[in-house]
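# Structural characterization, general
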4 protein chains.
Amino acid sequence: MERNIGVAQTSEQQSGAPKSLLERYQAARALTEALAEPLSPEDQTLQIDWFASPTKWHLAHVSWFFETFVLEPTIPDYEGFHPAYREFFNSYYNAVGDQFPQAERGRLSRPSVREVMAYRRHVDDLVIETLSKHGEEELGELADVVELGIHHEQQHQELLLTDIKFALSHNPLYPVYKERKIPDMEAPPLRWTPYEEGVRWIGTDGGEFIFDNEGPRHRVFLDAYQLANRPVTNGEFIEFIEDGGYERPDHWLALGWKTVLQEGWSAPLYWIKRDGEWHTYTLSGLRKAEPSEPVCHVSYFEADAYARWSGSRLPTEAEWEAAGEGVPIEGRFVDDGHAHPLPAVENGHALTQMFGDIWEWTSSHYSPYPGYTTVNGALGEYNGKFMCNQFTLRGGSCATSRNHIRRTYRNFFPPHLRWQFMGFRLAKDA
Amino acid sequence: MERNIGVAQTSEQQSGAPKSLLERYQAARALTEALAEPLSPEDQTLQIDWFASPTKWHLAHVSWFFETFVLEPTIPDYEGFHPAYREFFNSYYNAVGDQFPQAERGRLSRPSVREVMAYRRHVDDLVIETLSKHGEEELGELADVVELGIHHEQQHQELLLTDIKFALSHNPLYPVYKERKIPDMEAPPLRWTPYEEGVRWIGTDGGEFIFDNEGPRHRVFLDAYQLANRPVTNGEFIEFIEDGGYERPDHWLALGWKTVLQEGWSAPLYWIKRDGEWHTYTLSGLRKAEPSEPVCHVSYFEADAYARWSGSRLPTEAEWEAAGEGVPIEGRFVDDGHAHPLPAVENGHALTQMFGDIWEWTSSHYSPYPGYTTVNGALGEYNGKFMCNQFTLRGGSCATSRNHIRRTYRNFFPPHLRWQFMGFRLAKDA
Amino acid sequence: MERNIGVAQTSEQQSGAPKSLLERYQAARALTEALAEPLSPEDQTLQIDWFASPTKWHLAHVSWFFETFVLEPTIPDYEGFHPAYREFFNSYYNAVGDQFPQAERGRLSRPSVREVMAYRRHVDDLVIETLSKHGEEELGELADVVELGIHHEQQHQELLLTDIKFALSHNPLYPVYKERKIPDMEAPPLRWTPYEEGVRWIGTDGGEFIFDNEGPRHRVFLDAYQLANRPVTNGEFIEFIEDGGYERPDHWLALGWKTVLQEGWSAPLYWIKRDGEWHTYTLSGLRKAEPSEPVCHVSYFEADAYARWSGSRLPTEAEWEAAGEGVPIEGRFVDDGHAHPLPAVENGHALTQMFGDIWEWTSSHYSPYPGYTTVNGALGEYNGKFMCNQFTLRGGSCATSRNHIRRTYRNFFPPHLRWQFMGFRLAKDA
Amino acid sequence: MERNIGVAQTSEQQSGAPKSLLERYQAARALTEALAEPLSPEDQTLQIDWFASPTKWHLAHVSWFFETFVLEPTIPDYEGFHPAYREFFNSYYNAVGDQFPQAERGRLSRPSVREVMAYRRHVDDLVIETLSKHGEEELGELADVVELGIHHEQQHQELLLTDIKFALSHNPLYPVYKERKIPDMEAPPLRWTPYEEGVRWIGTDGGEFIFDNEGPRHRVFLDAYQLANRPVTNGEFIEFIEDGGYERPDHWLALGWKTVLQEGWSAPLYWIKRDGEWHTYTLSGLRKAEPSEPVCHVSYFEADAYARWSGSRLPTEAEWEAAGEGVPIEGRFVDDGHAHPLPAVENGHALTQMFGDIWEWTSSHYSPYPGYTTVNGALGEYNGKFMCNQFTLRGGSCATSRNHIRRTYRNFFPPHLRWQFMGFRLAKDA
């Protein structure tokens with residue numbers, strides 16, 4: 001995948017009878033368009049930095065994925081909706097061919113949003129025709145590719161939200177994507193849960209759909225450790241800021257401190273101090289930084305510095321995954337893509353808010369599991385080639401697709417990026 | 001002004017009875033909108049480089065000019081259409097206040113095109129009300145400011161065209177702004193007209209509307225010189241290219257050669273070689289580079305190098321202006337903003353195509369005339385502060401407003417820029 | 001440490017009776033100066049890039065280390081040799097105070113080499129006096145700091161060599177640091193040694209001197225794997241080049257391929273093709289790339305791409321360390337600092353050339369071992385704060401100090417750097 | 001020339017009988033070496049920015065000039081002192097061949113200072129032999145080239161001083177090049193001298209040695225104007241600073257203000273405020289900014305902003321040259337290259353300190369005079385190709401060669417550079 005993404009599911013998707021591949025395809029496609037709906041053509045064209053793409057580009061790219069990997073190999077003499085799109089909407093698949101430069105996606109005012117929607121219709125018609133003609137088993141490997149395409153589109157739903165938040169945040173008007181109320185809640189006090197040393201099984205070999213980087217299932221030896229019951233909150237992070245956390249190099253990695261100085265960081269991304277109080281830009285506009293909510297939009301560097309300052313550390317991804325065994329997935333999923341992290345509440349479990357609130361930075365570099373190999377061809381470029389200078393995040397955010405929320409899912413980003421819904425949970429040696 | 005700009009007039013404007021200030025205001029405002037009309041909201045949001053602004057920004061900025069310099073000083077307790085616009089649409093007037101960064105104008109997806117049009121309506125209503133209430137003489141100095149605002153808007157009409165051409169040119173689809181046919185014509189052979197040495201009067205102190213940099217009228221001593229009857233053509237420039245003009249430093253200024261290497265220039269801007277033939281991107285798409293048309297979209301460096309290669313030189317602006325005395329302004333003005341330089345034809349004058357085809361680079365640095373001073377206040381920032389590292393251009397292009405076409409008009413750009421409709425005419429010592 | 005460094009020992013150091021702390025101090029100090037001796041004051045002032053310091057700066061910085069951490073806390077009212085040196089020669093110790101910018105060390109023509117040597121004499125006199133006055137046990141913790149200072153100086157001996165090689169390589173004259181002959185040898189054929197799965201102990205808690213990042217000793221679970229008997233050779237790497245290794249993205253990490261394009265890499269650092277044959281710049285000038293020698297001066301990216309191309313992978317650092325157990329350290333150490341990797345020879349062991357030839361890239365990100373903590377104060381900045389976006393290397397090069405050569409030593413560099421003596425050995429799943 | 005340079009003459013050179021070409025050659029060569037003498041090999045290797053070359057490079061380049069333009073065309077089968085030097089020490093003569101990159105001259109630790117001095121000896125021996133064999137008239141055009149080479153070397157003597165000042169200024173030790181006392185003096189009050197309008201002859205066609213850009217002699221029309229009796233002083237410039245001159249954009253050119261913000265300028269180059277008082281770094285170390293001395297090391301932007309702030313303007317170069325007619329050249333020339341601008345004193349002339357104190361910025365862009373042409377071949381690259389985005393300076397500084405001091409001499413630099421001894425004098429309309 002480009003980056004692990006996804007979006008909370010509609011209530012329909014979260015319950016009820018299992019859906020067919022076709023139904024799931026249609027639901028995913030519809031949700032993407034619903035997410036783009038509140039945005040004007042001008043909004044959908046914006047690109048501020050290389051890593052965050054225009055809405056319009058996301059809408060087209062996920063269609064390109066189906067066109068390239070489903071329609072092209074299936075339909076004889078398939079010619080493509082438009083000769084330029086093969087390059088325009090290829091993200092990074094060298095095996096498919098050249099790519100329009102990632103940093104310049106915002107330069108393409110044409111095709112317009114309207115033309116991109118026509119492209120979506122064209123692809124939908126042909127995919128639906130293909131899926132309708134054949135039973136799922138008859139489709140064989142093609143069904144797997146459609147399944148991957150659905151998950152891929154769900155990943156881009158999350159990116160669509162994080163990218164438009166990033167783009168709109170550069171407008172001094174603090175534009176509203178969608179109005180939304182956040183309920184008041186209290187965060188429980190910080191508590192530590194201990195785990196024994198020993199060899200643990202990590203990763204999965206599937207069953208249901210998984211991404212290739214989640215396996216092979218393998219053993220790791222873990223020393224005894226402890227994990228915090230909930231993520232670090234805004235209120236706690238403000239203490240770090242007020243203690244001079246961004247002003248002294250003591251607790252920072254060398255590269256982190258360099259970044260603080262170069263970028264002039266003095267708070268998480270989207271934080272602004274107004275009249276002595278911290279505010280944060282959200283998809284429903286600027287609002288007060290709620291002390292009980294998990295701190296969000298922090299880099300690995302900030303998470304690591306906070307942990308050191310507080311006398312603890314970040315967990316490894318194996319520690320996180322091992323501890324997550326048996327923890328029920330009962331996030332407060334947002335049904336409309338209006339993403340916002342929520343405050344913690346006591347729920348009777350040792351660990352809370354592991355899933356569906358914020359992505360949690362781990363101290364683990366994003367490396368292949370033992371025995372990991374990539375598939376041949378373009379789809380082999382999905383995950384493996386990004387395993388360098390990125391750190392893994394676990395759990396999934398409020399903007400993550402409900403069916404991406406699982407204990408083994410590995411998200412990953414470079415340590416200086418902050419525009420995803422990223423926070424962290426503390427760990428300690430036993 | 002930001003940069004000298006303007007646009008060809010509607011036929012109505014080019015003939016008939018003199019128009020009132022109000023009529024001229026309305027005609028200018030209407031033409032700006034007509035020029036933007038073929039562009040989608042996505043097109044109108046694009047900014048590719050700091051120097052070329054989004055269409056939408058031009059539409060708003062020229063309104064801001066009237067709001068700031070006409071409405072604000074006139075209407076008691078005037079509050080402004082929107083509190084953010086004072087900064088968003090201030091181009092460079094430090095005396096008015098802060099400016100949203102020029103290079104980031106493309107980051108503002110909001111206000112939308114629709115909202116910008118509402119802003120225009122609001123400003124129009126109030127300006128028209130103001131102009132209707134008072135006679136022109138009663139308006140006094142305010143009439144001068146409205147007049148300046150009209151010319152300012154006309155300058156931005158030219159910029160709107162050159163900027164959208166620049167933006168769209170980065171799209172591999174070669175988007176069409178407006179379809180258009182160019183008539184076939186032959187360029188006359190190159191001939192030289194001689195001029196005597198002596199003291200000549202240069203510049204103007206007005207009468208009609210002029211920009212402040214066109215005066216004071218003053219004397220310069222000119223040695224005897226000769227001027228070419230027409231601009232250098234595409235056909236002639238291709239000879240320069242084929243003779244290795246872009247491959248050898250001999251004829252280039254040191255700074256020009258450095259630019260050639262850094263930018264990888266091998267032809268004028270928008271030129272592309274296809275199947276062995278030079279093509280050029282125009283507002284009506286990609287088309288063959290017509291040998292008889294004036295070469296266009298060349299920098300000062302390229303004009304200067306060609307001149308040296310051909311054994312001649314560029315004229316000074318005084319030489320150009322002195323020679324232009326008595327030459328009738330009879331350009332082939334484009335009535336719809338669909339800008340395109342045209343081939344020369346014999347017209348019985350010694351000098352042809354001086355006006356309204358392409359801006360002609362002169363060898364003169366853009367310096368103040370003797371005795372030049374700026375007015376006090378923000379409008380003093382219009383011209384004077386740009387008199388450094390720019391060279392003057394004379395004559396006006398096919399995209400220049402008809403009523404900016406005059407012998408004394410001084411356009412100016414840094415020597416490496418090429419996105420205006422820029423060409424050149426040769427000169428020689430006697 | 002700034003970066004793990006060191007240098008091969010004089011023959012005297014490699015054998016004979018154990019030496020006293022004072023003797024070891026004196027030997028290390030003398031070797032640093034011997035290494036600088038062939039270089040002119042002009043050579044010793046050069047800095048080409050931020051990461052490679054001038055010889056003169058190394059000579060002063062290692063003295064600053066003793067002055068700051070040994071003399072200052074020991075000698076009452078110690079005032080420092082020169083008030084500016086505290087900042088000039090502080091590498092990265094924020095707890096000590098400000099640092100002269102790393103990238104600008106080459107701007108300090110003063111102090112001259114002569115003055116730096118006087119600084120060394122001053123520090124030597126006082127350290128020797130301190131060590132002579134007290135027995136090693138009486139010195140207590142101070143002895144540990146002196147020991148660390150000696151190892152620190154040995155690390156900078158290696159850096160001095162790699163940095164001057166980098167600096168001189170930018171001179172088209174291919175300057176000779178020291179003339180030297182390389183014996184002809186054959187590389188043995190590639191063979192694989194298998195290792196069983198299981199929990200293994202990794203790291204060390206000391207005994208002899210170790211750096212803090214080598215511990216704590218801890219358990220890891222390893223799946224079964226195989227390791228190559230020797231590093232990849234120049235001859236093998238040339239096959240990769242000739243197969244288009246640098247021209248196709250297939251085998252590269254995304255970040256690696258981006259680096260290839262940005263930097264225009266087409267071969268290892270210092271490689272030049274002349275008359276159809278690959279040559280490489282060495283400290284004894286330009287010479288033919290010997291097919292049997294280990295390939296050297298490759299980045300992590302190149303090592304990883306080669307491994308993928310060859311159908312294998314790089315080992316993790318735990319795999320490397322576990323396999324190294326019992327392998328005798330019998331490198332061909334260079335006694336005069338004239339560093340050059342050597343060809344492999346059969347030696348009766350399963351694994352050869354693990355130590356003292358080239359640093360071997362592993363696939364492991366440089367992360368803290370479980371339970372790792374840093375000491376308080378400035379010396380806590382020695383290693384821990386660099387644990388981000390670096391990969392570990394094992395074994396030690398021909399320029400590494402003999403007493404840094406051990407199985408647990410962890411060197412580390414960002415994946416794009418190539419100026420150390422870096423190569424790699426292949427691994428495979430069982 | 002690279003840039004107009006030169007250096008004050010020894011007293012011997014300033015008086016006495018006219019010297020032969022050979023004597024002048026030897027005197028110039030000796031002075032260059034005397035100027036380099038106080039500098040260590042480390043000092044002589046430094047390059048901080050692209051525009052300021054290492055001392056060592058100057059020493060070699062001026063020799064390269066004689067080798068390339070005198071020895072090569074004269075001595076049959078001349079082979080060159082070293083094959084690499086043709087490229088290493090070619091500054092910018094494309095007609096001679098490739099050039100080692102200007103910004104990387106500081107990377108060449110080899111050849112050493114010692115080797116460069118051997119190169120000088122070699123060139124000297126052959127030039128002296130050539131000059132001794134033939135009479136000056138017999139030499140013909142070659143004598144002109146030797147003459148040009150002498151003036152070229154004198155220009156580089158000035159650059160050697162300004163460049164080493166720039167390099168050493170980056171060392172927080174404020175290194176002393178040579179100790180020197182400055183006499184105390186008072187600046188006379190500011191007075192204005194008026195000049196009539198009319199056609200004036202400007203430039204010169206020679207007689208004695210001149211650079212090609214000083215001609216052809218030609219007529220310009222000047223409006224009536226006034227010129228200040230002396231340059232602006234440090235004391236006056238401090239008033240500008242204290243009035244917020246660097247904090248408000250009002251008086252600045254747009255490009256100037258951008259530079260102020262980008263570079264963080266708040267005073268002239270080399271100025272430092274200590275204990276509430278302005279100090280300035282000089283070649284004899286840091287000293288108080290003497291109120292009566294001409295302000296020095298200001299850019300065109302600062303000169304222009306000051307002039308506007310004070311209600312006046314800079315003179316054009318024609319105004320300066322016309323006013324300078326008949327003003328005696330009686331500077332306080334420094335006989336040892338220890339450059340320092342001096343305070344003004346009353347001297348009975350209307351205008352003082354025109355020559356030999358500081359270069360004075362004019363408002364004139366560096367353009368060719370009417371009829372200017374360059375010679376064919378490499379020497380045609382000496383001046384003409386730099387006529388873009390530079391402004392002329394007149395008069396000569398304390399570091400300028402005495403025999404470059406004349407009314408028609410045109411120095412030129414880009415408007416943002418400050419490292420030459422640059423100041424300014426005010427002008428006004430009549």
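Our subject is the structure listed above.
Quick look at the structure, then. (Residues numbered from 1 in each chain as written. Chains lettered and ligands numbered in written order. Predicted model: local features only at pLDDT ≥ 70, side-chain atom pairs only at ≥ 80, totals over all residues. Heavy atoms only, no water.)

## Some thoughts on the overall build of chain A
Heads up, the rule is: Here a strand is any run of E in DSSP of at least two residues, a helix any run of H or I of at least four, and the numbering for each starts at the N terminus. The cut-offs for exposure are 20% and 50% of the maximum accessible area for each residue type, with area from a 1.4 Å probe on protein chains only; residues under the lower value are buried, those over the upper are exposed, and the others partly exposed. Here a residue-residue contact requires only that any non-hydrogen atoms of the pair lie within 4.5 Å. We get accessible surface area from the Shrake-Rupley algorithm with a probe of 1.4 Å; when it comes to residues, only the shown protein chains can shield them. We count Lys and Arg on the positive side and Asp and Glu on the negative side, and we leave His and both chain ends out. To locate a charge, take atom NZ for lysine, CZ for arginine, CG for aspartate or CD for glutamate.
In terms of helices and strands, chain A carries twelve helices and twelve strands. Scored against the burial criterion, the 430 residues of chain A give a buried share of 63%. Within chain A, contacts between residues at least 6 apart in sequence are counted, and of these 80% link residues at least 24 apart. About 15,800 Å² of surface is accessible on chain A, with carbon and sulfur atoms providing 49% of the total. If you average the places of the 40 positive and of the 63 negative side-chain charges in chain A, the two averages end up 3 Å apart.

## Comments concerning the interface of chain D and chain B
Many structure descriptions define interface size as the accessible area lost when the parts assemble. Threshold: The term buried area denotes the loss of accessible surface (1.4 Å probe radius) that occurs when two parts are joined, taken as the sum for both partners. When a carboxyl oxygen of Asp or Glu is within 4 Å of a side-chain nitrogen of Lys or Arg, the pair counts as a salt bridge. Polar contact is the term for a pair of N or O atoms within 3.5 Å; when the atoms are in protein, one must be able to donate a hydrogen and the other to accept it, and sequence-neighboring residues count only if both atoms are side-chain atoms. Think of it as three bins: nonpolar holds Ala, Val, Leu, Ile, Met, Phe, Trp, Tyr, Cys and Pro, charged holds Asp, Glu, Lys and Arg, and polar takes everything else, Gly as well.
Between chain D and chain B, the contact holds 28 residues from the first and 28 residues from the second. Regarding the contact of chain D and chain B, the summed buried area is about 2,200 Å², with carbon and sulfur atoms giving 59% of it. On the surface where chain D and chain B come into contact, there are three salt bridges. Of the charged contacts in the structure, one is a salt bridge between R219(D) and D223(B), with a shortest N-O distance of 4.0 Å. Scanning the region where chain D abuts chain B turns up four residue pairs in polar contact (both at pLDDT 80 or more). Only strand 3 (218-222), helix 10 (254-263) and strand 8 (359-365) of chain D provide two or more residues apiece to the side of chain D that touches chain B. Sorting elements by how many residues they give to the side of chain D that touches chain B places strand 3 of chain D first, with four residues. A breakdown of the residues in the side of chain D that touches chain B according to their chemical character gives 15 nonpolar, eight polar and five charged.

## Side note on the interface of chain B and chain A
Contact residues are listed per partner, giving 27 residues for chain B and 27 residues for chain A. It is E42(B), R107(B) and R110(B) that lose the most area in chain B upon contact with chain A, and together they represent 34% of the buried surface on that side. Linking chain B with chain A are two salt bridges, by the criterion used here. Taking the shortest distance from any N to any O, the salt bridge between D43(A) and R110(B) comes out at 2.8 Å. On inspection of chain B and its partner chain A, the count reaches ten residue pairs in polar contact (both at pLDDT 80 or more). At four residues, helix 3 (residues 41-45) of chain B tops the list of elements feeding residues into the side of chain B that touches chain A. When the residues that make up the side of chain B that touches chain A are grouped by side-chain class, the tally is 15 nonpolar, seven polar and five charged.

## Comments concerning the pairing of strand 5 (residues 271-274) of chain A
Residue and element names in this part refer to chain A. Operational definition: Strand pairing follows a simple DSSP-based rule, namely that at least 2 bridges must link the two strands.
Of the pairings in the sheet, the one linking strand 5 to strand 6 (residues 277-282) comprises four bridges and is antiparallel in character. The residue bridging R274 from the neighbouring strand is E277, located in strand 6. Counted between consecutive antiparallel strands, the loop separating strand 5 from strand 6 contains two residues, among which D275 sits at a positive phi close to 50°.

## As for the pairing of strand 6 of chain A
Among the six residues in strand 6 of chain A, five count as buried, and that is most of the element. Where strand 6 of chain A hands over to strand 7 (residues 285-288) of chain A, the hairpin turn is made up of two residues, counted between the paired strands.

## Thoughts on the packing of helix 2 (residues 21-36) of chain A against helix 8 (residues 141-169) of chain A
Helix-helix packing is described using two parameters, namely the angle between the two axes and the distance between the axes. Residues and elements named next belong to chain A. Put simply, the rule is: The convention used is that axes are lines fitted to C-alpha atoms, helices contributing only their stretch in contact, and that angles between N-to-C directions extend from 0 to 180 degrees. Oblique is the label for every angle not falling under 35 degrees (roughly parallel), over 145 degrees (roughly antiparallel), or within 65 to 115 degrees (roughly perpendicular). Here a crossing is taken to be left-handed if its near helix is turned anticlockwise relative to the far helix by less than a right angle, and right-handed if that turn runs clockwise.
Between helix 2 and helix 8, the shortest axis-to-axis distance is 10 Å and the interhelical angle comes to 20°. Looking at the two axes, helix 2 sits roughly parallel to helix 8. As helix 2 runs across helix 8, the sense of the crossing is left-handed. Judged by residue contacts, L21, R24, Y25, A28, R29, L31, T32 and L35 of helix 2 engage A143, V146, E147, I150, E153, Q157, L160 and L161 from helix 8. Tallied by class, residues from the contact of helix 2 with helix 8 come to ten nonpolar, two polar and four charged.

## Some details on the sheet that holds strand 9 (residues 391-394) of chain D
All names here are of chain D. Read from one edge to the other, the open sheet built from four strands follows the order 10-9-8-11, with strand pairing classed as mixed. Taken across any chain shown, the strands that pair with only one partner, and hence form the sheet edges, are strand 10 (411-413) and strand 11 (422-423). Relative to strand 9, strand 8 runs antiparallel, the two being bridged by three bridges. The residue of strand 9 that forms the bridge with E360 is R394.

## Considerations on the relation of the copies chain B and chain A
So the rule is basically this: In superposing the copies, a least-squares fit is computed on C-alpha atoms, taking residues whose pLDDT is at least 70 in both.
Note on the identical chains: chain B maps onto chain A by a rotation of 180° and an axial translation of 0.0 Å, with an RMSD of 0.1 Å. When the rotation and shift are considered jointly, the pair of chain copies conforms to a two-fold rotation axis. Taking C-alpha positions as reference, the residue of chain B nearest the rotation axis is E42(B), located at 2.6 Å.

## What about the nonpolar core?
This is how it is decided: By nonpolar core we mean a set of buried residues, namely Ala, Val, Leu, Ile, Met, Phe, Trp, Tyr and Cys, connected to one another through side-chain atoms within 4.5 Å.
Within the largest apolar cluster, 107 residues are counted, with the highest numbers of intra-cluster contacts made by F69(A), Y93(A), F237(A), W361(A), W419(A) and F424(A). Sort the elements by how many residues they give to this core and helix 8 of chain A lands first, with 13 residues.

## Considering the packing of helix 2 (residues 21-36) of chain D against helix 6 (residues 113-133) of chain D
Residue and element names in this part refer to chain D. Helix 6 packs onto helix 2 with a crossing angle of 170° between their chain directions and a minimal axis gap of 10 Å. Considered as vectors, helix 2 and helix 6 are oriented roughly antiparallel to each other. Of the residues in helix 6, those in contact with L21, L22, Y25, Q26, R29, T32 and E33 of helix 2 are M117, R120, R121, V123, D124, V127, I128, L131 and S132.

## Observations concerning helix 8 (residues 141-169) of chain C
The criterion, for reference: To estimate the expected span of a helix, count its residues, drop one, and scale the result by 1.5 Å.
Its 29 residues place the ends of helix 8 of chain C 42 Å apart at the C-alpha level, agreeing with the 42 Å of an ideal helix rising 1.5 Å per residue. The element helix 8 of chain C is extensively covered by neighbouring structure, given that 27 of its 29 residues are classed as buried.

## Overview of the sheet that holds strand 5 (residues 271-274) of chain B
Within a beta sheet, neighbouring strands are joined by backbone hydrogen bonds and run either parallel or antiparallel to one another. Residues and elements named next belong to chain B. With antiparallel pairing, the three strands of this open sheet are ordered in space as 5-6-7. In this open sheet, the two edge strands, each paired with only one partner strand, are strand 5 and strand 7 (285-288). Ignoring which end each strand starts from, the neighbouring axes of this sheet average 35° apart.

## Notes on the relation of the copies chain D and chain B
Superposing chain D onto chain B takes a rotation of 180° plus a shift of 0.0 Å along the axis, which leaves an RMSD of 0.0 Å. Most of the interface of chain D is mirrored in chain B: 100% of its interface residues are interface residues there too.

## Side note on the environment of F88(C)
Within the element layout of this structure, F88(C) appears in helix 5 (residues 85-88). Assessed through its relative accessible area of 3%, F88(C) is described here as buried.

## Re the arrangement of the chains
Between chain B and chain C there is no contact, and the shortest C-alpha to C-alpha separation is 15 Å. At their nearest point, the C-alpha atoms of chain A and chain D are still 15 Å apart, with no contact between the two.

## What to know about the pattern of salt bridges
Residue and element names in this part refer to chain C. For the structure on display, the rule yields 109 salt bridges over all chains. The shortest N-O distance in the salt bridge between R308 and D304 comes to 2.6 Å. One end of the pair, R308, and the other, D304, are both in helix 11 (residues 300-309), four residues apart, so they sit about a helical turn from each other. Look at R308 and you get partly exposed, because its relative accessible area is 34%.

## A short note on helix 4 (residues 55-74) of chain A
Between its first and last C-alpha atoms helix 4 of chain A spans 28 Å; for 20 residues at 1.5 Å apiece the expected length is 28 Å, and the two agree. Most of helix 4 of chain A is tucked away, with 17 of its 20 residues classed as buried.

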